[in-house]
Amino acid sequence: MAGRINDDDVKAVRDAVPIDSVVSEYLQLRNAGGGNLKGLCPFHDEKSPSFQVSPGKGLFHCFGCQEGGDTIAFVMKIDHLSFSETVERLAAKAGITLRYEEGGYNPSHQRGERIRLIEAHQAAAEFYVRALESPEAEIGRKFLAERGFDQDAAAHFRVGYSPAGWDHLTRYLRGKGFSDKELITSGLSQDGRRGPIDRFRGRLMWPISDTAGEIVGFGARKLRDDDNGPKYLNTPETPIYKKSQVLYGIDLAKKDIAKASRAVVVEGYTDVMACHLAGVTTAIATCGTAFGNDHIKILRRLLMDNGSARVIFTFDGDSAGQKAALRAFEDDQKFAAETYIAIAPDGMDPCDLRLAKGDDSVRDLVEPRTPLFEFALRQIVGRYDLETPAGRAAALDEAAAVVAKIKTSSVQREVAVQLAGFVGILDQEFVVHRVAQLARWARDKGGDTAERGGRRGGAPGMRGGAPQQPAPAPGFSGPALNLRSPAHRTERELLKLALQKPALVSPAFDAYGLDEFTAPPYAAVRRCIEEAGGAEQGLDDNREYLVAVMDAAPDNTVRSLVTELAVEVFIGKTIDETYAGMQLVHVRLRAVDRRINDVQGSLARLGSHVAPQDLAAAQNEVWVLQQYAQSLRAHGAAAL
């Protein structure tokens, strides 16, 4: 078993890989103010961005689902990796050689499974690319040339060729140190009568990458008539390849999708190539499966669902393409973006269209024209005889049920009015009423409970940077947070200062006791700071200090609150020594006033039963505390 990764190397990895660059591989980030960035959370569905990244602190936090942490925690969570696998992956990205405490250099066979499978796919891709230059691959080069793709195009998309023999790739990867078990698990090889053999043989190969650009699978196109397999053969489901969660070309298109707030969904690998070469660099395709919910999540994080976002589907004009369009429309409401459909003349796909009419025709094809809802409704209505009352009624019944799924009432009404025109019903209000009735029935059956019960818009508990009143955090004893309470609000600001700007509150903060924080969750964070060495530890290296505070958290609930406070913006506009001093004084002054009240209350309850010496001591304590409180009110932070 591999040894523990050296702590200094883990720190070097954290420092070397900026969190915003890593997160940006999975979602679009925009300026959130205060040096922070925001985007749609990849860990839960939301319509407005509540996911924040603080590049300066190396932390992320979602105010919606409470996930948070550093770069390592983000990659572990989003790619389902172990700690060591994540550090190894980020180290490779940063060019850092890791040291292992117990086993010295980590041999390749001891590395994490995901990393080994990724490395196998990378080696396979290089093997296939070289094989495309072989005499045997002439049939593959001819296939590409006939579709308008030259050598440079093949190289850009890393298209390759799998030799027709039984085990060329298998023997090659064995020579690279990969075990038979790894080859079978990766899907690159499969069991044969005498051991593993190549899964792909005699085919043109397209590498399929995830959003981060790592190759996780392949799409293979049949070239020969004697190949009895399917026209397209994809990698089977593996630990790193889930066909419903990958989009071909997303690694090449993601930056332009985010920049243009536009995505073009095509049907095949050659269509993606044709679109990109024609200048439509936002094109992507599914890999052997229908466009579904997981694909929508990938695009939404890149599009950010702003008002100008567009998704254009280019389906073939045949019946299969029409069915695909209708399936896409069923998920249309999961986009905040506007969705359109583009069907080329004569039913040509983008690859054929580019060959027949050139690059301009491809660019023109994907200009939004027909809204997807209009296409879908016309397809439904077109199946009925609208010349008869019975035909119109049947068409309305089917189409109205589809329109009723539209969640925004104003949009639902507008589409219902258009549906009346499609069906040929002059009484628009009748159609609007019918659609609304179906929508109510669906809600009454509980079909829309998730939408009605879920959070909508923005970061919960936040308005203009000021926290309002979050729900009580599980796992804490004592009263829930009430941020309308001046005491809780000030305690929160002081903890944010201690985490984000420790130089403004150190060393005074480190003398504050746990009992000075009246909210149990805040007392828990104060304890974490104390166990991490105090705010003074953040003066030299704020990132390592924050990591130490998170490591001191007893559970994920406290850890989540730490990351939340570490990235949340301050209430005040000017965050300086004066502002920090005010928070320090207010928290201390309230603690002093509470102690005075406690002592006086105890004396009142005891009455004449208190011993003379105890009475004198209590009175003296009250007098000292009152003098201290007066000094705090008069001199502020100088009296601390």
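First, a word on what this report is: a plain description of the structure on this page. (Residues numbered from 1 in each chain as written. Predicted model: local features only at pLDDT ≥ 70, side-chain atom pairs only at ≥ 80, totals over all residues. Heavy atoms only, no water.)

**So, the sheet that holds strand β3 (residues 51–54)**
And step 1. Read across the open sheet, the five strands follow the order β1-β2-β3-β4-β5; overall the sheet is antiparallel. Since the sheet does not close on itself, it has two edges, and those belong to β1 (30–33) and β5 (68–70), each with one partner. If you compare each strand with its neighbour and ignore which way they point, the axes differ by 25° on average.
And step 2. Examined bridge by bridge, strand β4 (residues 59–62) and β5 share three bridges and lie antiparallel to one another. Each bridged residue has a counterpart across the sheet, and for H61 the counterpart in β5 is G68.
And step 3. Contacts between helix α3 (residues 71–79) and the sheet are confined to β3, β4 and β5, with β5 contributing the most and set at about 120° to the helix. (Pairing = 2+ DSSP bridges. Helix = DSSP H or I, 4+ residues; strand = E, 2+ residues; numbered from the N terminus. Axes fitted to C-alpha atoms, helices over the stretch in contact; angles between N-to-C directions. Contact = heavy atoms within 4.5 Å.)

**Examining the nonpolar core**
And step 1. Of all hydrophobic cores here, the largest spans 44 residues; its most connected members are L144, V159, L204, W206 and Y248.
And step 2. The element best represented in this core is helix α11 (residues 269–277), accounting for five residues.
And step 3. The contacts of W206, once residues within four sequence positions are left out, are F143, L144, V159, G217, F218, G219, R221, Y232, Y248, Y269, T270 and M273.
And step 4. Residues Y512, I529, Y579 and A580 belong to the second largest nonpolar core, which totals 37 residues. (Core = buried A, V, L, I, M, F, W, Y, C linked by side-chain atoms within 4.5 Å. Buried < 20%, exposed > 50% of the residue type's maximum accessible area, 1.4 Å probe, protein only.)

**Let's talk about empty space enclosed by the protein**
And step 1. All chains considered together, the criterion is met by three cavities of 30 Å³ or more.
And step 2. Here the largest cavity is characterised by a volume of approximately 60 Å³.
And step 3. Around the largest cavity, the lining residues are R14, K57, G58, L59, D70, T71, R543 and V547.
And step 4. Per-class residue counts for the lining of the largest cavity are two nonpolar, two polar and four charged. (1 Å grid on protein atoms, 1.4 Å probe; cavity = no way out; pocket = protein on both sides within 12 Å on 5 of 7 lines; lining within 4 Å. Points joined across faces, edges and corners; volume = space filled by probe spheres on them. Nonpolar A, V, L, I, M, F, W, Y, C, P; charged D, E, K, R; others polar.)

**Considering the packing of helix α10 (residues 250–260) against helix α12 (residues 293–303)**
And step 1. Contact geometry of α10 with α12 gives a least axis separation of 8 Å together with a crossing angle of 40°. In terms of their interaxial angle, α10 and α12 are classed as oblique. In contact with I250, K254, I257 and A258 of α10, α12 contributes I298, L299, L302 and L303.
And step 2. When grouped by side-chain class, the residues that make up the contact of α10 with α12 number seven nonpolar, no polar and one charged. (Parallel < 35°, antiparallel > 145°, perpendicular 65-115°, else oblique.)

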